[in-house]
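# Observations on the three-dimensional arrangement
As a plain string of letters, each chain reads:
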Amino acid sequence: MQLRDALDDYKRHAGEGTRFPGERRTVTGRFSGGDGRLVHVGGDGELRDFGYPLTGRTGLVRSRIGLAVGDEVAWLDEADTTQRYVGDAALVETVHETARATVTRHDVTLGDAHLTRASVEFDDADGGSAGSNDAADPADASLVVYARFAPDGRDDRVGQLRYDDAVEVFHADEHDFLASATGFADLRGQLPATFPELLDDDPTDLPRARDGDRYEEERLSGEVIADVPFDDGVATVATLLADRAETDREAARDRLDALFSDLDGVDALADAAADALPSVPESAPARESVVADLRVLSLLSAPSGLRIAGPDFDPYYEHSGGYGYTWFRDDAEISGFLLGAADALGLDLGDWHARSARMYVATQRPDGSWPHRVWPRDGALAPGWANARIEDGPDVDYQADQTGSVVAYLARARAAGVAGPRPAASGTSSRTVDVEGLDATLVAALAGLDRTLEPDGRPVVCQNAWEDSAGRFTHTAATFLEAYSELGRHGEGLAADALDDPDAVPGAASLPDDLAAHARDRAREVYDALDDLWLPDRGCYAVRETLDGGVDGRLDSATLALAAAHRSFDALGADAGNGGSEAGAVDEERLDRLVSHVETVVDGLSHESDAIAGLIRYEGDGWRRADQESEKVWTVSTAWGANACAELAALLAARDDPRAAEMAARARDLLAHVSPGGSLCEPTTYLPEQFFDDGTPDSATPLGWPHAIRLATVALLDEELSQFADRAPADDD
């Protein structure tokens, strides 16, 4: 998205109640990708690249496709349009019904290339509308493609090179190609929106008509308009994003020729798209949901293995802090959910986990922590506002929960054999992938956790998971409890000598010899310290201790992380090798408090309108509400509620506690809201971050985190709580 596009959108949508002007929304349409490049096929058919964070290449920032018959052009974004995914893959079929013909498009992104295959079928054999006298000759028809590229993120100092069947748009390093399998009947450039057009109150409709007086300038822009002939009713165009240091001009054109030759039909496109996704067994529970979740998580992934939180709809930070980055909280939680669900769903995700673990090792800071957010393509530090441990001064603007989430995942991955030298544990993948430096990373991270744990057993003052306040948060404590518990369970063999220089990592030299036992002791400290935040009057845990030592008693969906954290802690007691008992480590009083907490938070944050139902983020949440008086419903909060209820149900079921059935029913009820057909799941199968009460989706779409929670909750309910599947949710009336 360039500034010209943001200003154009601002003109079009300023003053609208549920649209924030200046954004490039993806709440409609579908994405194609899966190996770095990420292309959005709008609900009206517009193509735009969103993969800059994943690849470093900007590509298409705007496009239109039309059907020309003679001198008339019918723009497909103005026609009645339907869209779907073809099968499980990220192959998008878009059908446009124009006045004269039906145009069926198939769009797929393969690596750095995107192909659009368009077939046209006129309404009658003569090519004219039924009953009309203006019959057209199909031979006069062509596909019109308007494309604007921004190589190296630039819309200035851009040039074009033109060939018989392709045009190359370039600035310096990035070279973008538009090519046609049938060549070009016509090809011209166009100036971007001019200064007077930008300053005009009205938006500018593009493309413009040909201007013969601007020949030189039209070659000095990223805008191209091409007429593409049909061959037997089919026209195929492709775009390719290349770096001149990696792919020279001849190699790029050869690749385009090969794509046209090899992928000459819809079946070939579907087969190529299918290779980008893990296969899902036909017997998998809620298979449509599982397929959708894996497709989204694949789309959001860079070749490195790191993921963006969601497509960056607001790159100018006008209404948000951006989404096209890797947060280690989101990414590690996603990895953990995938690891826990893979065997239950019959998924082979070993390569995903190996890549994730390697990048977590590579991006760890020298003090054992992880930074606020990074570019997923290479792990380099990205713009953010919570990098206090890199800057001078106090460490308040640091999100300690991110480190806790990474540690918990890496400990599990090490035990499962998918990211470490340890043999696979019983019941997990038999693959053993050695990630160099994993043990050293865990040792340094343990030292880092210790340094951010106060003597009273709770984490230090820091930022919260929602990144909008500071304090000593229950959610942060939950991530520490889970991290220490997983290290205590799976840390056998860890030792400080895994570090090349223990003195170089603050606190590492003072670690004891038995690090697993030390982690178990720390887990107990955090477990006991959580009592400080219990609010007997509300029957729940407070959201935080404030900066002045007070207690913030609001309800917050992030505190639902306590359920999974206590289940990890409980496993310490059930492990006889750790000196525990089969009864588990969570005592009865704490179990009662957990039940009360989860019920209080879920009931207190539940919100329903005529259009939607789910959980709000926290009491008093005022972000992106526009004119809405109440808090907005969030998919991650609703999915988190479902998962917390399922985790707690499993903890109760292990004790034959009759409350397990009701908690499992709550989980299924909440899960239904974010499942296909639910009010918070779009027809695309995507989960937007937020919803207005009138049902309008908002913000990053799709958001990876709730998709991973949804997948894990499906697996947990099927594998461990199927005995409660026929129980209806409790009637509170």
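Residues numbered from 1 in each chain as written. Predicted model: local features only at pLDDT ≥ 70, side-chain atom pairs only at ≥ 80, totals over all residues. Heavy atoms only, no water.

### Description of the nonpolar core
- Leu294, Tyr360, Leu410, Tyr484 and Leu648 are the most contacted members of the largest nonpolar core, which has 130 residues in total.
- Here this core takes 13 residues from helix α16 (residues 635-653), the largest share from any one element.
- Among all residues touching Leu648, those that are not within four sequence positions of it are Ala563, Leu591, Leu594, Val595, Val598 and Met663. (Core = buried A, V, L, I, M, F, W, Y, C linked by side-chain atoms within 4.5 Å. Buried < 20%, exposed > 50% of the residue type's maximum accessible area, 1.4 Å probe, protein only. Helix = DSSP H or I, 4+ residues; strand = E, 2+ residues; numbered from the N terminus. Contact = heavy atoms within 4.5 Å.)

### Digging into a nonpolar patch on the surface
- Together, Leu3, Leu7 and Tyr316 make up an exposed nonpolar region whose accessible area comes to about 270 Å².
- Here Leu7 shows up in helix α1 (residues 3-13).
- On the basis of relative accessible area, Leu7 is assigned to the partly exposed category, the value being 35%. (Patch = residues over 30% accessible without salt bridge, like charges linked within 9 Å, V, L, I, M, F, W, Y side chains within 5 Å. Areas by Shrake-Rupley, 256 points an atom, 1.4 Å probe, with all protein chains shown as cover. Salt bridge = Lys/Arg side-chain N within 4 Å of Asp/Glu carboxyl O.)

### Things to note about the confidence of the model for the protein
- Chain-level statistics for the protein give a pLDDT mean of 93 and a share of 94% at 70 or above.
- Confidence over residues 422-431 falls short of pLDDT 50; this stretch has 27 contacts with residues more than four positions distant or in other chains.
- This model gives residues 729-733 a pLDDT under 50, and the stretch forms four contacts once residues within four places in sequence are excluded. (pLDDT = per-residue confidence, 0-100.)

### As for the sheet that holds strand β19 (residues 462-463)
- Read from one edge to the other, the open sheet built from four strands follows the order β19-β20-β23-β24, with strand pairing classed as antiparallel. Looking at strand neighbours, the two that pair on one side only are β19 and β24 (551-552), the edges of this open sheet.
- Across the sheet, helix α12 (residues 474-490) touches β19, β20 (470-473) and β23 (544-545), and the angle it forms with β20 is around 45°. (Pairing = 2+ DSSP bridges. Axes fitted to C-alpha atoms, helices over the stretch in contact; angles between N-to-C directions.)

### Considerations on the packing of aromatic side chains
- This model, assessed by the stated rule, comprises 15 aromatic pairs.
- Where Phe328 meets Tyr360, the ring centres are 6.2 Å apart and the plane angle is 70°; that geometry is what we call edge-to-face. With Phe328 in helix α8 (residues 328-345) and Tyr360 in helix α9 (residues 350-363), the pair connects residues that are 32 residues apart, well separated along the chain.
- Judged by relative accessible area, Phe328 falls into the buried class, the value being 0%.
- Between Tyr360 and Tyr409, the aromatic rings sit 5.7 Å apart at their centres with planes inclined by 90°, giving edge-to-face as the arrangement. Of this pair, Tyr360 sits in helix α9 while Tyr409 sits in helix α10 (residues 400-416), placing them 49 residues apart in sequence.
- Through a chain of ring-to-ring contacts, three or more aromatic side chains come together here, namely Trp466, Trp623, Trp634, Trp640 and Trp705.
- Positioned over the ring face of Phe50 is Arg24, at 4.0 Å from the centre of the ring.
- Note that Arg30 overlies the ring of Tyr85, its terminal NZ or CZ placed 5.8 Å from the centroid. (Phe/Tyr/Trp six-rings, centres within 6.5 Å; stacked < 30°, edge-to-face > 60°. Lys NZ or Arg CZ within 6 Å of the ring centre and 35° of its normal.)

### Concerning a negative patch on the surface
- Residues Asp80, Glu97, Glu121 and Asp123 make up a contiguous surface patch of negative charge.
- Judged by its relative accessible area of 42%, Glu97 falls in the partly exposed class. (Lys, Arg positive; Asp, Glu negative; His and termini not counted. Charge placed at Lys NZ, Arg CZ, Asp CG, Glu CD.)

### Side note on the pairing of β20
- Judged from the two bridges that link them, β19 and β20 form a sheet pairing that is antiparallel. Note that in β20 the partner of Cys462 across the bridge is Gly471.
- Where β19 hands over to β20, the hairpin turn is made up of six residues, of which Glu467 adopts a positive phi near 65°.
- Bridge analysis of β20 against β23 gives two bridges, and the strand direction is antiparallel. Within β23, the position partnered with Arg472 by the bridge is Glu545.

### Thoughts on the sheet that holds strand β27 (residues 633-634)
- Taken in spatial order, the five strands line up as β25-β26-β27-β28-β29 in an open sheet, and their pairing is antiparallel. Among the strands making up the open sheet, the edge pair consists of β25 (606-608) and β29 (697-698).
- Sheet topology note: the β25/strand β26 (residues 613-616) ladder contains three bridges and is antiparallel. Residue pairing in the sheet places Glu608 in a bridge with Ala613 of β26.
- Helix-sheet contacts for helix α15 (residues 588-605) involve β25 and β26, and the interaxial angle to β25 is about 25°.

### Side note on the pairing of strand β15 (residues 223-229)
- Among the seven residues that make up β15, five are buried, leaving the element largely enclosed by the rest of the structure.
- The pairing of strand β10 (residues 141-149) with β15 spans seven bridges and is classified as antiparallel. Residue pairing for β15: Val145 is matched across the bridge by Ala226.
- As judged from the five bridges shared by strand β14 (residues 186-190) and β15, these two strands associate in the antiparallel manner. When the bridges of β15 are listed, Gly189 appears paired with Val224.

### Describing the pattern of salt bridges
- A full pass over the atoms with the stated rule returns 59 salt bridges.
- Two residues, Glu619 and Arg538, come together in a salt bridge whose shortest N-O distance is 3.2 Å. Taken together, the residues span a long stretch of sequence, with Glu619 in the loop between β26 and β27 and Arg538 in the loop between β21 (534-535) and β22 (540-541) at a distance of 81 residues.
- Classification of Arg538 as partly exposed rests on a relative accessible area of 35%.
- Between Arg544 and Asp552 there is a salt bridge, with its nearest N and O atoms 3.0 Å apart.

### A look at the packing of α16 against helix α17 (residues 659-674)
- At a minimum axis separation of 8 Å, α16 and α17 run at an interaxial angle of 160°. Between α16 and α17, the interaxial angle falls into the category roughly antiparallel. In this structure, α16 meets α17 at a crossing whose hand is left-handed. Contacts between α16 and α17 involve Thr635, Thr638, Ala639, Gly641, Ala642, Cys645, Ala646, Leu648, Ala649, Leu652 and Ala653 on the former and, on the latter, Arg659, Ala660, Met663, Ala664, Arg666, Ala667, Leu670, Leu671, His673 and Val674. (Parallel < 35°, antiparallel > 145°, perpendicular 65-115°, else oblique. Left-handed = near helix turned anticlockwise from the far one by under 90°.)

### Things to note about the side chain of Thr102
- Along the chain, Thr102 falls in strand β8 (residues 101-110).
- The exposure class of Thr102 is buried, given its relative accessible area of 18%.
- Here Glu97 takes part through its side chain, which lies 2.6 Å from a polar atom of the side chain of Thr102.
- Excluding its chain neighbours within four sequence positions, the residues that come into contact with Thr102 are Val95, His96, Glu97, Ser119, Val120, Glu121 and Asp123. (Polar contact = N/O pair within 3.5 Å; in protein donor to acceptor, adjacent residues only side chain to side chain.)

### Regarding the side chain of Thr685
- Tracing the sequence through the fold places Thr685 in the loop between α17 and β28 (690-691).
- Discounting residues that sit within four places of it in the chain, Thr685 has contacts with Glu288, Ala292, Arg295, His707 and Arg710.

### What to know about helix α7 (residues 287-299)
- Its 13 residues place the ends of α7 18 Å apart at the C-alpha level, agreeing with the 18 Å of an ideal helix rising 1.5 Å per residue.
- With twelve of its 13 residues buried, α7 lies for the most part within the structure.
- When we look at burial in α7, the residues that qualify are Arg287, Ser289, Val290, Val291, Ala292, Asp293, Leu294, Arg295, Val296, Leu297, Ser298 and Leu299. (Expected span 1.5 Å × (residues − 1).)

### So, the packing of α8 against helix α18 (residues 704-720)
- With their axes 8 Å apart at the nearest point, α8 and α18 run at an angle of 30° to one another. Taken together, the axes of α8 and α18 are roughly parallel relative to one another. Here α8 and α18 pass one another in a crossing that is left-handed. Between α8, through Arg329, Asp330, Glu333, Ile334, Phe337, Leu338, Ala341, Ala344 and Leu345, and α18, the contact on the second element is made entirely by Gly704, Trp705, Ala708, Ile709, Leu711, Ala712, Ala715 and Glu719.

### Quick notes on unusual backbone geometry
- Cis geometry marks the peptide bond from Leu206 to Pro207, where omega comes out at 0°.
- Here Pro207 lies in the loop between α3 (195-199) and α4 (215-218).
- Residues Thr701 and Pro702 are joined by a peptide bond in cis, for which omega reads -5°.
- By secondary structure assignment, the location of Pro702 is in the loop between β29 and α18.
- In this structure, Asp232 takes a positive phi of about 55° despite not being glycine.
- Assignment of secondary structure puts Asp232 in the loop between β15 and β16 (234-243).

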